[in-house]
Structures are given as structure tokens and as C-alpha cells.
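Working through the structure, step by step
Single-letter residue listing:
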Amino acid sequence: MKKYQTLLFDVDDTLLDFSAAEALALNLLFESQNISPTKEMEESYKKINQRLWSLFEEGKISRDEVINTRFSLLFKEMDQLVDGVLLEKNYRGYLEEGHQLINGAFELVSALQNHYELYIVTNGVSKTQDRRLRDSGLHPLFKEIFVSEDTGFQKPMKGFFDHVFDRIPNFSPEQALIIGDSLSSDIKGGQLAGLDTCWFNPNAKSNNTGILPTYEIQDLNELYTILNLEQR
């Protein structure tokens, strides 16, 4: 069993249930616009949002373009002209309140902090991620939080990981493992940076991407076995 020293964790849909936080924030935003939210509206938003974040991961658009245009694009589909920047600000306020934990996440990180150097590596908005991690109780369990907004790069860019590696004392890529739910950002990014990777895939999604993780788990508690630790 390989011995790791440093564990790099993604946040959304790895430690925190972003899907739950997002659904609540969208409902509150739509209601603030006197619109009754529907499943179709939520799905339209997710498609637009995913497309924009994919372009961001590919380095084709900026983070500001993602967050400041997604709602104007969504409401344009409903033939409504809105202030995308203002709606983003309102949505961000609702989203910051969402800090629901993935099952077993807090217990796992609490146990691992006694054995490993733990760091957060996440794409997103610094203020939002900081608030959610603090409210969930996870923040103090990590040595440092690395957010794409602060680094000038985003996963899977090698520049993001270079930024992280330069700031971790005595860092060794050969003794590091990244854990995340996204093949395109966490796993691909980890591979480009020379790391072992662990794909958290709770819904057993098919992998037709050609991006092959070192490990694949469907439950966070499976990490104990990979790390050769007893689950407490």
C-alpha cells in the first residue's frame, strides 16, 4: 500500500453537498424575482452553468464571465432581460448559506488530520467557499485553503497546482493524493501535475472520458482502506 503524506481535497460534491446548496439558492433567487421555480428552470440553469464552467476550465473565458452572465443567459431563455451581475450577487448570498456536508465527510477529515497534511483545492469564489467551509466546521481541519480565484489559475491547469505546490512546505508529488468528484478538473488536473488521484463517484457514473483515476470510490469511507487506516 502506497504511503501518502499530503491529501488534497476538492470541496463541492466531495466534502460539501453543493447540489443541495445550489437547489436551495436557486429556489430563493427565483422566488425573489416573483417566479415560481420549476425543475425545468433548474435544469436549464445547470446546463448553462456547466457549459460556462467547462469553458473556464479550458481557459477560454474568465471566472467573472461565468458568474456574471449565467443568469442573464438563463432569463434570456425566458424572454426576460435582467441584470446578471445583480442576480449573481443575490444568488451568491443565498449560496453562501449552504454548507450541507456529504455523508461521512466531517468524521473522515477529523480522523485524517491526525495522520496527514490536509489541504483544500477548489475552483470557485473565495468568499463563498470560505464561508461554507467555516459554517460546516471543516475549515480549521485543513492547513490551508486554495481557491482558484486567489491563484490566478483553475483546475485542471498545471499553473493552479504549481501555485499550490509552491506553498506547501516540503511538498512531494509522489507522496500526495488528490480526492475529488470531477474527472475533468480534479482527476485530469491531478494527473497533469503528477499526482495520484481518487475519483469520488457516489452515483456510479460511467467514465467514457479516457481520464483514468488511480482509485475510484463511491463512499468517502472507502478512503480508509486506500490509506490503510482503521475507521473509527
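This report concerns the structure included in the present document. Here the structure is a predicted model, which is why all the values come from computation and not from measurement.

Criteria and thresholds
- Residues numbered from 1 in each chain as written.
- Predicted model: local features only at pLDDT ≥ 70, side-chain atom pairs only at ≥ 80, totals over all residues.
- Heavy atoms only, no water.
- Helix = DSSP H or I, 4+ residues; strand = E, 2+ residues; numbered from the N terminus.
- Polar contact = N/O pair within 3.5 Å; in protein donor to acceptor, adjacent residues only side chain to side chain.
- Contact = heavy atoms within 4.5 Å.
- Phe/Tyr/Trp six-rings, centres within 6.5 Å; stacked < 30°, edge-to-face > 60°.
- Buried < 20%, exposed > 50% of the residue type's maximum accessible area, 1.4 Å probe, protein only.
- Pairing = 2+ DSSP bridges.
- Axes fitted to C-alpha atoms, helices over the stretch in contact; angles between N-to-C directions.

Some thoughts on the side chain of Lys 155
Mapped onto the secondary structure, Lys 155 falls in the loop between α7 (148–151) and α8 (158–166). A distance of 2.9 Å separates a polar atom in the side chain of Lys 155 from the backbone oxygen of Val 121. Contacts of Lys 155, omitting those with residues within four sequence positions, involve Asp 10, Glu 57, Val 121, Thr 122, Asn 123, Phe 160, Phe 161, Ser 185 and Asp 186.

Thoughts on the packing of aromatic side chains
As enumerated under the stated definition, the model contains 10 aromatic pairs in all. Where Tyr 45 meets Phe 71, the ring centres are 5.1 Å apart and the plane angle is 15°; that geometry is what we call stacked. With Tyr 45 in helix α2 (residues 39–57) and Phe 71 in helix α3 (residues 63–77), this residue pair connects regions lying 26 residues apart in the sequence. Phe 71 sits in the buried class, given a relative accessible area of 0%. Ring geometry for Phe 161 versus Phe 165: centroids 6.2 Å apart, planes at 55°, classification tilted. Remark: Phe 165 and Phe 161 occur in helix α8; sequence separation between them is 4 residues, near one turn of the helix. An identical accessibility class is assigned to Phe 161 and Phe 165; each is buried. An aromatic cluster is built from Phe 160, Phe 161, Phe 165 and Phe 171, whose rings are joined through pairwise contacts.

Observations regarding the sheet that holds strand β1 (residues 6–9)
Across the sheet, which stays open at both edges, the 6 strands sit in the order β3-β2-β1-β4-β5-β6 with parallel pairing between neighbours. Each having just a single partner strand, β3 (144–147) and β6 (215–217) make up the two edges of the open sheet. Direction aside, neighbouring strands of the sheet carry axes that sit 20° apart on average. Two elements, strand β2 (residues 117–122) and β3, share 4 bridges in a ladder whose sense is parallel. Of the residues in β3, the one forming a bridge with Tyr 119 is Glu 144.

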